[in-house]
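Residues per chain, in single letters:
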Number of protein chains: 4
Amino acid sequence: MSGTLNKVILIGNLGDEVKMHYFDDKNCVGRFPIATSESYVSKQTNERITNTEWHNIVVRNKAAEICEKYLSKGDKIYVEGKIKTRKWTDDKGMERYSTEIQCNEFTFLTPKADQQNSAPQPQNTSQNTASAQQTSANAPVDDNDDLPF
Amino acid sequence: MSGTLNKVILIGNLGDEVKMHYFDDKNCVGRFPIATSESYVSKQTNERITNTEWHNIVVRNKAAEICEKYLSKGDKIYVEGKIKTRKWTDDKGMERYSTEIQCNEFTFLTPKADQQNSAPQPQNTSQNTASAQQTSANAPVDDNDDLPF
Amino acid sequence: MSGTLNKVILIGNLGDEVKMHYFDDKNCVGRFPIATSESYVSKQTNERITNTEWHNIVVRNKAAEICEKYLSKGDKIYVEGKIKTRKWTDDKGMERYSTEIQCNEFTFLTPKADQQNSAPQPQNTSQNTASAQQTSANAPVDDNDDLPF
Amino acid sequence: MSGTLNKVILIGNLGDEVKMHYFDDKNCVGRFPIATSESYVSKQTNERITNTEWHNIVVRNKAAEICEKYLSKGDKIYVEGKIKTRKWTDDKGMERYSTEIQCNEFTFLTPKADQQNSAPQPQNTSQNTASAQQTSANAPVDDNDDLPF
DNA sequence: TTTT
DNA sequence: TTTT
């Protein structure tokens, strides 16, 4: 309901490999961090400052498997998704929050020499980006987990 | 393939009613113009200048029918889609181009008093926006038309 | 440097009033939460599920003052910005993280009766949205704070 | 005015070199086409169909000079801007329209070996993307041209 | 932890 | 006219 929108658009580099987590033989998630960075010259010290922001990307099912297969640490990727902050309780019983990007579309930006003759980039009909939407649409169980892992 | 992206994000007001065009009993398109405007104060004349840009929105199938049912001239809408420039030949045999926005997601921004208790806003599972993607996905015939209308 | 992008696009409703925090007579931040929601019908229970996501919006300087002046709890707003996760230490010495949206462009979506003849919507030259970029550009001290507040 | 938004987000490859047009020693525009493509397998013929869409990018002043200096045909770029359709009269006195993307932010996505030690990617303070906004802000004359060129 |  |  309600005329709202929650959209994130990122271009960044993987800081680590895709980590898969299987719920059963059909449902899984892949997780990986990507870094975005901005830099500027400080007016006070005249030195270049670089700030890096890390984003926890979560991708589901078939899209996750494509990411695991084709993405490596260091690769550049375009990610579109939505922000989700999850609440969990740490081992001291404290409430904790972690924010992740639930990816529903992506496109690889690192050219792969070895991808030329093999299966390269996933597609969907609407655009040459991979859509995680359909694959996640029939995975309601994925939305039930509220455990940190 | 190819790591490209073609995305348009608009918030604007309908300049006219949604015009439907049926191909058969299952496939249709709806078309409507929306206006975006920007204004600024001219440094030369000190007067306020407003520029209005008109966008031709095209939406397909079920999404089109939802738009026709709930949108009226003047309403504000969020539209997401892609740019498509179509080539056609005018009655003098001249090549002409027209650019349209093929909408694949939208959300209504005008509160409807009468929508409160009736069917209000379309939804999809991924977000509270309507997705035209699924409905158009199985309508390949829609992509065959290259006629201006 | 580095060809990355960190962009968030939200349409949501304010869950509270804008809270201002002044650093000095020129530099300030405004903070307010906005909610986005999505809903769907569960295939298992057949009931409608609504998930609400809260986003902490941070806006600076002149843009903050405009928000404080014209926005109220419940209003709908378009916000564009970037994700920033800040690390802080709680009173037990634990490391904590909180994610906020640093807003650099916004546009009000709730029609205001009383705004019609008074100063309504902020503008900038590039578009009819308010840009927090320029105002924050000359406020480097704003970027030095790493305290939770 | 009015709570509207006109935003385009593209990732594509240059189909040609950047063409510069100088108005005077301070004001200029750069123009270049970028291609986005989508592909899918036809359900009818089972063959792969690729559709390419061409976008005319317009960038101003300092940003234009940066593009001219660092971009070449074939390079991949992220472009953010707004849609503008310009009306002009052809040599037969017919009204013609052409749609272009007025770029106000971009980031280069093709790694440049030779950019490593020289001035690589433009930046601004808000993010590691180049902003054409400031540079074009003080170039009101640029907005007066309504000539096709 | 990435990248330039 | 690009790219994969």
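Here the structure is a predicted model, which means the values were calculated and not measured.

So, how was this worked out
In every chain, residue numbers begin from 1 and rise along the written sequence. For naming, the first written chain is A and the first written ligand is 1, with later ones following in the order written. Confidence filtering applies because this is a predicted model: local features only for residues at pLDDT of at least 70, side-chain atom pairs given and counted only at 80 or more, and all residues used for totals across whole chains, interfaces and linings. Hydrogens and water molecules were not included; the side-chain quantities draw on all heavy atoms of the structure. Labels follow the DSSP assignment, with helices taken as runs of H or I lasting at least four residues and strands as runs of E lasting at least two, numbered in each case from the N terminus. Contacts were defined at the residue level, with two residues in contact if any of their heavy atoms lie within 4.5 Å. Every accessible area reported is derived by Shrake-Rupley at a probe size of 1.4 Å, with residue values counting cover from the shown protein chains alone. The term buried area means the drop in 1.4 Å probe accessible area that two parts suffer when joined, counted for both and summed. The salt bridge definition used is simple: a Lys or Arg side-chain nitrogen within 4 Å of an Asp or Glu carboxyl oxygen. Here a polar contact means two N or O atoms within 3.5 Å. Within protein one must be a hydrogen donor candidate and the other an acceptor candidate, and residues neighboring in sequence count only if both atoms are side-chain atoms. Amino acids are sorted into nonpolar (Ala, Val, Leu, Ile, Met, Phe, Trp, Tyr, Cys and Pro), charged (Asp, Glu, Lys and Arg) and polar (every other residue, Gly among them). Alignment of copies: least-squares fit on C-alpha atoms of residues with pLDDT of at least 70 in both copies. Only protein chains enter the accessibility calculation, which uses a 1.4 Å probe; a residue is then buried when its area is under 20% of its type maximum, exposed when over 50%, and partly exposed in between. Here the aromatic set is Phe, Tyr and Trp, taking the six-membered ring for Trp, and pairing holds for ring centres within 6.5 Å; pairs whose planes are under 30 degrees apart are stacked, those over 60 apart are edge-to-face, and all others are tilted. Should DSSP find at least two bridges between two strands, the strands are taken to pair. Here the positive residues are Lys and Arg and the negative ones are Asp and Glu; neither His nor the chain ends is included. For this text, the term disulfide refers to a pair of cysteine sulfurs within 2.5 Å. pLDDT is a per-residue confidence score from the predictor, ranging from 0 to 100.

What to know about the overall build of chain A
Regarding its fold elements, chain A presents 2 helices and 7 strands. In chain A, the succession of helices and strands from N to C terminus is β-β-β-β-α-β-β-β-α. Long-range pairs, those at least 24 residues apart, make up 61% of the contacts in chain A with a sequence separation of at least 6. Accessible surface, chain A as shown: approximately 7,100 Å² in total, 49% of it carbon and sulfur.

What about the interface of chain C and chain A?
Listed as interface residues are 36 residues of chain C and, on the opposing side, 37 residues of chain A. Buried area between chain C and chain A, summed over both chains or domains, comes out near 3,000 Å², and the portion from carbon and sulfur atoms is 44%. Taken together, chain C and chain A are joined by 2 salt bridges. Here Lys 82 of chain C ties to Glu 38 of chain A by a salt bridge, and the two come within 2.7 Å at their closest N and O atoms. Inspection of the chain C/chain A interface yields 13 residue pairs in polar contact (both at pLDDT 80 or more). Looking at the side of chain C that touches chain A residue by residue, the class counts come to 11 nonpolar, 14 polar and 11 charged.

What about the interface of chain D and chain B?
A common way to express how large an interface is: the accessible area buried when the components associate. At the interface, 36 residues of chain D touch 35 residues of chain B. Summed over both sides, the interface between chain D and chain B buries roughly 3,000 Å², with carbon and sulfur atoms accounting for 46% of that surface. Taken together, chain D and chain B are joined by 2 salt bridges. In this assembly, chain D and chain B are joined by 13 residue pairs in polar contact (both at pLDDT 80 or more).

Description of the relation of the copies chain D and chain B
Mapping chain D onto chain B leaves a residual RMSD of 0.1 Å; the transformation is a rotation of 180 degrees accompanied by 0.0 Å of translation along its axis. Both copies of the chain, as the preceding transformation shows, are related through a two-fold rotation axis. Relative to the rotation axis, the C-alpha of Val 8 of chain D is the closest in chain D, positioned 2.2 Å from it. Mapped onto chain B, 97% of the interface residues of chain D are again interface residues, and the two copies thus contact each other with one and the same surface.

A word on the environment of Ala 64 of chain D
Residue and element names in this part refer to chain D. The topology assignment puts Ala 64 in helix 1 (residues 61–70). By relative accessible area, Ala 64 is classed as buried at 0%. Once the C-alpha coordinates of Ala 64 and Pro 33 are considered, the two residues, 31 residues apart in sequence, prove to be 13 Å apart. Those residues in contact with Ala 64 that lie beyond four places of it in its chain are Met 20, Cys 28, Val 29, Gly 30 and Val 59.

Here we look at the relation of the copies chain C and chain A
Once chain C has been moved 0.0 Å along the axis and rotated by 180 degrees, it coincides with chain A to within an RMSD of 0.1 Å. Of the residues that chain C buries at the interface, 97% are likewise interface residues in chain A, meaning the two copies contact each other through the same surface.

A short note on the packing of aromatic side chains
Counted by the stated rule, this structure contains 8 aromatic pairs over all chains. Between Phe 106 of chain B and Phe 108 of chain B, the ring centres sit 5.4 Å apart and the planes meet at 20 degrees, which makes this aromatic pair stacked. Look at Phe 106 of chain B and you get buried, because its relative accessible area is 0%. The exposure class assigned to Phe 108 of chain B is buried, which follows from its relative accessible area of 5%. Where Tyr 70 of chain C meets Phe 108 of chain C, the ring centres are 6.4 Å apart and the plane angle is 45 degrees; that geometry is what we call tilted. Within this pair, whereas Tyr 70 of chain C is found in helix 1 (residues 61–70), its partner Phe 108 of chain C is found in strand 6 (residues 95–108), the two being separated by 38 residues in sequence.

Some remarks on the pairing of strand 1 (residues 5–14) of chain C
With respect to burial, strand 1 of chain C is a largely interior element, 9 of its 10 residues being buried. As paired elements, strand 1 (residues 5–14) of chain A and strand 1 of chain C share 7 bridges and run antiparallel to each other. Its bridge partner lying in strand 1 of chain C, Leu 5 of chain A is registered against Ile 11 of chain C. Taken together, the 6 bridges between strand 1 of chain C and strand 5 (residues 76–89) of chain C define a ladder with antiparallel strand orientation. Paired with Asn 13 of chain C across the two strands is Lys 76 of chain C, which belongs to strand 5 of chain C. Note that strand 1 of chain C and strand 3 (residues 28–41) of chain C share 2 bridges and pair antiparallel. Note on strand 3 of chain C: the bridge partner recorded for Asn 13 of chain C is Ala 35 of chain C.

Re unusual backbone geometry
Phi angles above zero are rare outside glycine, and Asn 61 of chain A is one such case at about 55 degrees. If you trace the backbone, Asn 61 of chain A turns up in helix 1 (residues 61–70).

Overview of the side chain of Lys 76 of chain D
With respect to the element layout, Lys 76 of chain D can be found in strand 5 (residues 76–89). One buried charge, Lys 76 of chain D, has no salt-bridge partner; the nearest side chain with opposite charge is Asp 75 of chain D, at 10 Å.

So, the pattern of salt bridges
The tally for this structure, following the rule as stated, stands at 32 salt bridges over all chains. Between Arg 86 of chain A and Glu 100 of chain A there is a salt bridge whose closest N-O contact spans 3.3 Å. Highlighted residues: Arg 86 of chain A in strand 5 (residues 76–89) and Glu 100 of chain A in strand 6 (residues 95–108), separated in sequence by 14 residues. By relative accessible area, Arg 86 of chain A is classed as buried at 12%. You can call Glu 100 of chain A buried: its relative accessible area is 4%. Salt-bridge contacts for Lys 7 of chain B lead to Glu 80 of chain B; the nearest nitrogen and oxygen are separated by 2.7 Å. Of this pair, Lys 7 of chain B sits in strand 1 (residues 5–14) while Glu 80 of chain B sits in strand 5 (residues 76–89); the two residues are 73 residues apart in sequence, bridging distant segments of the chain. A residue is classified by how much of its surface remains accessible, and Lys 7 of chain B, at 5% relative accessible area, is buried. Salt bridges here are not isolated pairs; linked through shared partners, they connect Lys 7 and Glu 80 of chain A together with Lys 7 and Glu 80 of chain B.

Side note on the state of the cysteines
Summed over all chains, the structure comprises 0 disulfides over all chains. Considering cysteine sulfurs only, Cys 67 of chain B is the nearest to Cys 28 of chain B, which forms no disulfide, with 10 Å between them. The cysteine Cys 103 of chain C is free of any disulfide, with Cys 67 of chain C supplying the nearest cysteine sulfur at 6.1 Å.

Things to note about the confidence of the model for chain A
Residue and element names in this part refer to chain A. Taken as a whole, chain A shows an average pLDDT of 80; of its residues, 74% reach a score of 70 or greater. This model gives residues 114–128 a pLDDT under 50, and the stretch forms 45 contacts once residues within four places in sequence are excluded. Note on residues 133–149: pLDDT under 50 across the span, and 34 contacts to partners over four residues away in sequence or across chains.

What about the side chain of Asp 90 of chain A?
Within the secondary structure, Asp 90 of chain A is located in the loop between strand 5 and strand 6. In this structure, Asp 90 of chain A is in contact with Arg 96 of chain A together with Met 94 of chain C, ignoring residues within four places of it in sequence.

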